[in-house]
Amino acid sequence: MSWMHTLFALILLPAIIVGLFRILRGPTAADRMVTAQLFGTCGVAILLLLSTGMGNPVLLDIALVFALLAALTTMTFIRRTWHGSGKKKHGYSIP
Amino acid sequence: MITTLIYSLTGLILFGMGFFTLIIHSHPLRKILAVNVMSTGVFLILVATAYIPLGEGEIDPVPHAMVLTGIVVSVSVTALALILACRIQETSNSSLPGKRQQGEVPEESIR
Amino acid sequence: MSYFIFTIFDIVLVLSMVWIAWHLLGTEDIFKAVVLFISFGLLMALAWVRMRAPDVALAEAALGAGLTGPLFLSALRRMNRTRKGERRLDSDETR
Amino acid sequence: MSRTGKDHKQLDGFQRMLLLLVICMVMLLGYIIWSTPGNKPVLTDAVAQMQEQSGVESPVTAVLLNFRGYDTLLEVMVLLLAVIGTWSLTEAFFPEQVSEISPVQMGVVRLLAPVMCLVAAYLVWQGSHLAGGAFQGGAIFGAAGVLMLVTELPGLRTIPVPPLRLGLVLGPLLFTGIALFCLFITGDLLGYPEGAGGWLILLIETGCAVSIGLTLASLFAGGRPDNEFQGKNSPVSRTVSGDRS
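Criteria and thresholds
Residues numbered from 1 in each chain as written. Chains lettered and ligands numbered in written order. Predicted model: local features only at pLDDT ≥ 70, side-chain atom pairs only at ≥ 80, totals over all residues. Heavy atoms only, no water. Helix = DSSP H or I, 4+ residues; strand = E, 2+ residues; numbered from the N terminus. Contact = heavy atoms within 4.5 Å. Core = buried A, V, L, I, M, F, W, Y, C linked by side-chain atoms within 4.5 Å. Buried < 20%, exposed > 50% of the residue type's maximum accessible area, 1.4 Å probe, protein only. Axes fitted to C-alpha atoms, helices over the stretch in contact; angles between N-to-C directions. Parallel < 35°, antiparallel > 145°, perpendicular 65-115°, else oblique. Nonpolar A, V, L, I, M, F, W, Y, C, P; charged D, E, K, R; others polar. Expected span 1.5 Å × (residues − 1). pLDDT = per-residue confidence, 0-100. Buried area = accessible area lost by both parts, 1.4 Å probe. Salt bridge = Lys/Arg side-chain N within 4 Å of Asp/Glu carboxyl O. Polar contact = N/O pair within 3.5 Å; in protein donor to acceptor, adjacent residues only side chain to side chain. Patch = residues over 30% accessible without salt bridge, like charges linked within 9 Å, V, L, I, M, F, W, Y side chains within 5 Å. Areas by Shrake-Rupley, 256 points an atom, 1.4 Å probe, with all protein chains shown as cover. Phe/Tyr/Trp six-rings, centres within 6.5 Å; stacked < 30°, edge-to-face > 60°.

Within chain C, the secondary structure is distributed over three helices and zero strands. From first element to last, N terminus to C terminus, chain C shows the α and β order α-α-α. Within chain C, contacts between residues at least 6 apart in sequence are counted, and of these 50% link residues at least 24 apart.

Ranked by size, the top nonpolar core spans 149 residues in total, and within it L24(C) and W48(C) carry the most contacts. If you tally residues by element for this core, the top one is helix α2 (residues 30-50) of chain C, at 17 residues. Here L24(C) is in contact with R30(B), L33(B), V37(B), A33(C), L36(C), F37(C) and F40(C), once residues within four sequence places are set aside. With 10 residues, the next largest nonpolar core counts L12(B), I24(B), I45(B) and L19(D) among its residues.

Turning our attention to the packing of helix α1 (residues 2-25) of chain A against α2(C). For the pair α1(A) and α2(C), the least separation of the axes is 11 Å and the interaxial angle reads 170 degrees. Here α1(A) lies roughly antiparallel to α2(C), going by the angle between them. Note on element contacts: α2(C) touches α1(A) through K32(C), V35(C), L36(C), S39(C), L42(C), L43(C) and L46(C), opposite L13(A), I16(A), L20(A), I23(A) and L24(A). Considered class by class, the residues forming the contact of α1(A) with α2(C) number 10 nonpolar, one polar and one charged.

Another point: unusual backbone geometry. Residue and element names in this part refer to chain C. Even without being glycine, R52 reaches a positive phi, approximately 55 degrees. Tracing the backbone shows R52 in the loop between α2 and α3 (54-82). With a relative accessible area of 19%, R52 lands in the buried category.

All names here are of chain D. Taking 1.5 Å of rise per residue, 25 residues should cover 36 Å, and helix α8 (residues 197-221) covers 36 Å from first to last C-alpha, within 8% of that figure. Here α8 lies mainly inside the structure; 18 of its 25 residues are buried. Trailing α8 by a residue or two, G222 shows a phi angle of about 75 degrees, which is positive.

Before going further, it helps to examine the confidence of the model for chain C. Averaged over all residues, the pLDDT of chain C is 82; the fraction at 70 or higher stands at 85%. Note on residues 85-95 of chain C: pLDDT under 50 across the span, and 23 contacts to partners over four residues away in sequence or across chains.

It is worth spelling out the environment of P225(D) at this point. Mapping P225(D) onto the fold places it in the loop between α8 and α9 (227-233). Distance in space between the C-alpha atoms of P225(D) and I159(D) is 8.2 Å, their sequence separation being 66 residues.

In many reports, interface size means the accessible area that the parts give up when they come together. Between chain C and chain B, the residue contacts involve 49 residues of the former and 52 residues of the latter. Roughly 4,800 Å² of surface becomes buried between chain C and chain B when both sides are summed, with 70% attributable to carbon and sulfur atoms. Contact with chain B buries area across many residues of chain C, yet L25(C), M51(C) and R52(C) alone supply 17% of it, more than any other trio. One can count one salt bridge joining chain C with chain B. At the junction of chain C with chain B, the criterion picks out five residue pairs in polar contact (both at pLDDT 80 or more). Within the residue set of the side of chain C that touches chain B, elements represented by two or more residues are α1 (2-26), α2 and α3 of chain C. With 14 residues, the top contributor of residues to the side of chain C that touches chain B is α3(C). Of the residues assigned to the side of chain C that touches chain B, the class counts are 28 nonpolar, six polar and 15 charged.

A few words on a nonpolar patch on the surface. Taken together, the side chains of I23(B), F14(D) and M17(D) present a nonpolar region at the surface, about 310 Å² in accessible area. Secondary-structure assignment places M17(D) in helix α1 (residues 13-35).

It is worth spelling out the pattern of salt bridges at this point. For the structure on display, the rule yields five salt bridges over all chains. In this structure, D10(C) and R50(C) form a salt bridge, with 2.8 Å as the shortest nitrogen-oxygen distance. Of this pair, D10(C) sits in helix α1 while R50(C) is found in helix α2, placing the two residues 40 residues apart along the sequence. Since its relative accessible area comes to 1%, D10(C) is described here as buried. D71(D) is paired through a salt bridge with R68(D); the nearest N and O atoms lie 2.9 Å apart. Using a relative accessible area of 30% as the deciding quantity, one classes D71(D) as partly exposed. Salt bridges sharing partners connect three or more residues here, namely R87(B), E90(B) and R78(C).

Each pair of packed helices can be summarised by the angle the axes make with each other and by the distance between the axes. All names here are of chain A. Where helix α2 (residues 29-53) meets helix α3 (residues 58-82), the axes come as close as 8 Å, and the angle between the chain directions of the two elements is 175 degrees. Comparing their axes, α3 and α2 come out roughly antiparallel. Residues A29, A30, M33, Q37, V44, L47, L48, L50 and S51 of α2 form the contact with α3, whose own contacting residues are L59, L60, I62, A63, F66, A67, A70, T73, T74, F77 and W82. Of the residues that constitute the contact of α2 with α3, the class distribution is 16 nonpolar, four polar and no charged.

Turning to the packing of aromatic side chains, a few remarks are in order. Overall, the coordinates contain five aromatic pairs over all chains when judged by the stated rule. A centroid spacing of 5.9 Å and a plane angle of 35 degrees characterise the contact between F77(A) and F31(C), whose relative ring orientation is tilted. Remark: F31(C) occurs in helix α2 and F77(A) occurs in helix α3; the pair is interchain, linking two chains. Like F77(A), the residue F31(C) is buried in the burial classification.

Considering the arrangement of structural elements, one finds T90(D) in the loop between α4 (69-89) and α5 (103-126). Since its relative accessible area comes to 4%, T90(D) is described here as buried. Not counting residues up to four positions away in its chain, the partners in contact with T90(D) are I83(B), R87(B), R78(C), G222(D), G223(D) and R224(D).

Below you can see the structure in the form of structure tokens.
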């Protein structure tokens, strides 16, 4: 039944692609960054499914690393990019 | 076989796109991004040639080791290039009149 | 069955990677390009997983998806700081 | 909506010619890839035969640190060179207005930084039999450093420089030392003596992971530490500033 897991992973992949539209459209920087984080979550789910589908427990470690390091990008965004210009209406954007 | 082909061709397309962008765009950050995409394409081709489908034997570990070191080196090179680009921007801005205050003074006051 | 699903997975993954790369190299907004690059690194990690290279996927998850994003964001901030409130002179818009 | 910069309308003659050349190059390379007989495991058997003697169970780690150890040695040197280049370019970048650290951010750092160090150690240890190793562990360790750098913890700007430098060269020094030691014992550079391979590789990996983590964190910091502390500690800059005054 391991192909079921792969099938679900395949179903989760379009969720990433739908999110891509938000990155391309997103009016503010925060929209784009949140969508990138959503990708991270989706990637963790896909990795967990694939680890059963491909029969490789090492993929669990990769999912763990993903989940750990997703916070890093968000933190950098908050500290270095978002802050200081968050009072503006549209937030941070390069002219 | 089909998987190897798919990923090799993707690597090739990525390499070509990155190469084209590297030449025609002027912004340094975009050039660095383009070099990253190019290197990713090369890594893809390298690993794809070593791919063997599940259950048909072990995979050649030598290309994997090469790509592993390549990724680490490319990240450190990216960091160095970014700092170089920042320095170029800072120095070229400070040479222009009227822009020196914004770039230089805060750094002095931190120290 | 499993082989079939894996092949479809590969094709969808590869198409979205090329699509992301196209937008990341073509867009005028550098911040958008950086966010797209972070997502690109994530999809790359999935591609390494599919090519049965968990070591490389682990390195890509830690470096490509985790560390390069903050590096670029930090450099973007540092570059923008020196040109606060002025229009970009050497933008790609002229191209 | 999203106008790509590569719109064909915007390309002038030179760029069109360039596009044509790039497409030709890609097609040529594609033909080469197409005509290469793929899917032939060239070195798999060679690695598998020597796997017993390498001291580790993971083939990638065996290739990285035993069979082609000098590649990795040179690569660690490249990372060190990147830090030297960065330090000689500029000083570390700290934003001019330091925003106060909110409790949530502080909580995230308190929670995640130790977990990251733990996972880094786990990956280094795991490198001998599954995926993992010095690079991955070092990257996670560096991520912990980057997390603290990004939060601008007040203690980070007063980090003493000599221990930092020692940490940066720990991996390369250890690696070179063990390589020379092996040269004396067995007559080959990085030819580990029988049975000791596993322990030596683990030792090298631990040192390299610490160095790589510090390297990535210093690369993120974007320059050498503040001059004030450098002047106090390092004799080189003291003499330079002395000459200047």
